[in-house]
Amino acid sequence: MSEKIVVIGETKDGSLRNVSYEAIAAAKKVDAEAELVGVICGSGELEELGKEMIYYGADRVVTISHDSLTAYTSEGFGQAVLAVIHEESPKSIVMGHTSIGKDLTPKIASKLETGLISDAVDIEVEGDKIQFVRPIYSGKAFEKKIITDGITFFTIRPNNIPALNRDEARSGEITPKNLDITDIRTVIKDVVRKASEGVDLSEANVIVAGGRGVKSEDGFKPLYELAEVLGGAVGASRGACDAEYCDYSLQIGQTGKVVTPDLYIAVGISGAIQHLAGMSNSKVIVAINKDPEANIFNVADYGIVGDLFEVIPLLIEEVKKL
Ligand code: FAD
């Protein structure tokens, strides 16, 4: 019988997050022969989500639907996922390195008394040797880690390991698991959300990020316009958030979100090390800054020395012509 890898799916607004599909691809890298078992926790009907995991490469999926899993709590999701893990006895477990992944996986690892490699951006396999590549020192270096004992439990950074192609011809069993979820001490009474439109920052392929150089909340408007024509999201430096030009939910960096889009446009951002920690692994970095000495140019693939209020409207005009 082939060995199993459990892939913990994560949902947002009724759909699976992209990183769940990337986690399936990561599991395949670890062992292309293993049976990939997806796990989805939530409430209501979860079968359609199960099918999506299968289309993206899972062999079968276990769904756990329960009223107390409507919103994420580590106690509820922890119990549900652990029940599946105990039943499946996988050799490996993988989840996205998201806010929920960062909270849930260490708790599960401690219950299983096993280690955890977090935030892998790549997996290198040579024969039996599996190396997990992860950034250290705020992204200034990478380390390669191997697991020598116990379960191979790891999380992957979103947007680094491409998902496999969606294939609707794939089929697999979707098993609803009934579980009595008890002892939840956290009660989510209400989820109050900031209305955010457009693309999710942590999964965006294109990010237009503004810094203190943007100078005001109004100054961000052209950045939103550029992000829209590029099909991307708007992010910010802490400088811009501290100055109240935008909400802290947009902050990128050491104490904000870590992003790896295909294209990162840093606008009026100086490039402090704490900001670079959150974006320096972006595939292509474009910096727009009026100071030619700004540190951001040291990590940029393309640099525009100029006034952002002149450059951004020109860029919008050009992109619209494409
Ligand atoms: P500034 O450094 O003030 O840079 C503004 C830039 O805009 C300048 O380079 C200037 O030349 C340029 N500019 C001005 N006007 C224009 C114009 N008209 N056109 C073009 N360019 C223009 N920072 C983060 O971003 N994320 C974090 O997560 C984070 N975490 C931190 C954690 C700790 C513990 C600490 C101590 C700091 C942290 N910081 C973080 C803050 C960080 O050190 C910097 O202070 C911050 O990143 C600076 O933001 P900024 O680049 O927008 O502002």
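The shown structure was predicted, so the numbers you read here are calculated from the model rather than taken from an experiment. (Residues numbered from 1 in each chain as written. Predicted model: local features only at pLDDT ≥ 70, side-chain atom pairs only at ≥ 80, totals over all residues. Heavy atoms only, no water.)

A. Structural context of helix α5 (residues 221-230). Every buried residue of α5 is listed here: Leu-223, Leu-226 and Ala-227. With its buried residues spanning 100° around the axis, α5 presents them on a single face. Facing away from the buried side of α5 by more than 90 degrees, the exposed set consists of Lys-221 and Glu-228. Against the buried residues of α5 lie β13 (206-210), β14 (233-236), β15 (263-267) and α8 (308-321). Looking one or two places after α5, you find Gly-231, whose phi comes out positive at around 70°. (Buried < 20%, exposed > 50% of the residue type's maximum accessible area, 1.4 Å probe, protein only. Helix = DSSP H or I, 4+ residues; strand = E, 2+ residues; numbered from the N terminus. Arc of directions from axis to C-beta. Contact = heavy atoms within 4.5 Å.)

B. Representation of the pattern of salt bridges within the structure. In the structure shown here, the tally under the stated rule is 25 salt bridges. Note that Lys-321 is salt-bridged to Glu-318, the shortest N-O span being 3.0 Å. Highlighted residues: Lys-321 and Glu-318, both in helix α8, separated by 3 residues, approximately one helical turn. The class of Glu-318 is partly exposed, set by a relative accessible area of 43%. The network of salt bridges with shared partners includes Glu-10, Lys-12, Arg-17, Asp-200 and Glu-203. (Salt bridge = Lys/Arg side-chain N within 4 Å of Asp/Glu carboxyl O.)

C. Broad picture of the UniProt feature "domain: Electron transfer flavoprotein alpha/beta-subunit N-terminal" (unreviewed entry) in the protein. Following the UniProt record, the feature "domain: Electron transfer flavoprotein alpha/beta-subunit N-terminal" (unreviewed entry) maps to residues 5-188 here. A helix fraction of 28% and a strand fraction of 31% characterise residues 5-188, whose end C-alpha atoms lie 31 Å from each other. (UniProt positions renumbered as here; feature names shortened; annotations may be inferred.)

D. Main features of the confidence of the model for the protein. Confidence in the prediction of the protein, expressed as mean pLDDT, is 94, and 98% of residues score 70 or more. Predicted complex metrics record ipTM = 0.99 and pTM = 0.84. (pLDDT = per-residue confidence, 0-100.)

E. Structural detail: the pairing of β15. Within β15, 4 of the 5 residues are buried, which leaves it mostly tucked inside the rest of the structure. In terms of strand pairing, β13 meets β15 through 5 bridges, oriented parallel. Looking at β15, one finds that Gly-210 is bridged to Val-267. The pairing of β15 with strand β16 (residues 284-289) spans 5 bridges and is classified as parallel. Considered in β16, the bridge of Tyr-264 is made with Ile-285. With helix α7 (residues 273-279) bridging β15 and the parallel β16, this β-α-β connection has right-handed handedness. (Pairing = 2+ DSSP bridges. Right-handed = clockwise from strand over helix to strand, strands pointing away.)

F. How the structure looks around the sheet that holds strand β10 (residues 141-145). Pairing within the open sheet is antiparallel, and its 3 strands lie in the order β8-β9-β10. This sheet does not close on itself; its edge strands, each paired only once, are β8 (122-126) and β10. Between one strand axis and the next, the sheet turns by 25° as a mean value, whatever way the strands run. Two strands pair when backbone bridges link them, and strand β9 (residues 129-136) and β10 are joined in this way by 5 bridges, in the antiparallel orientation. The partner of Ile-136 across the bridge, within β10, is Ala-141. Against the sheet, helix α1 (residues 18-30) contacts β8 and β9, and its axis sits at roughly 20° relative to β8. (Axes fitted to C-alpha atoms, helices over the stretch in contact; angles between N-to-C directions.)

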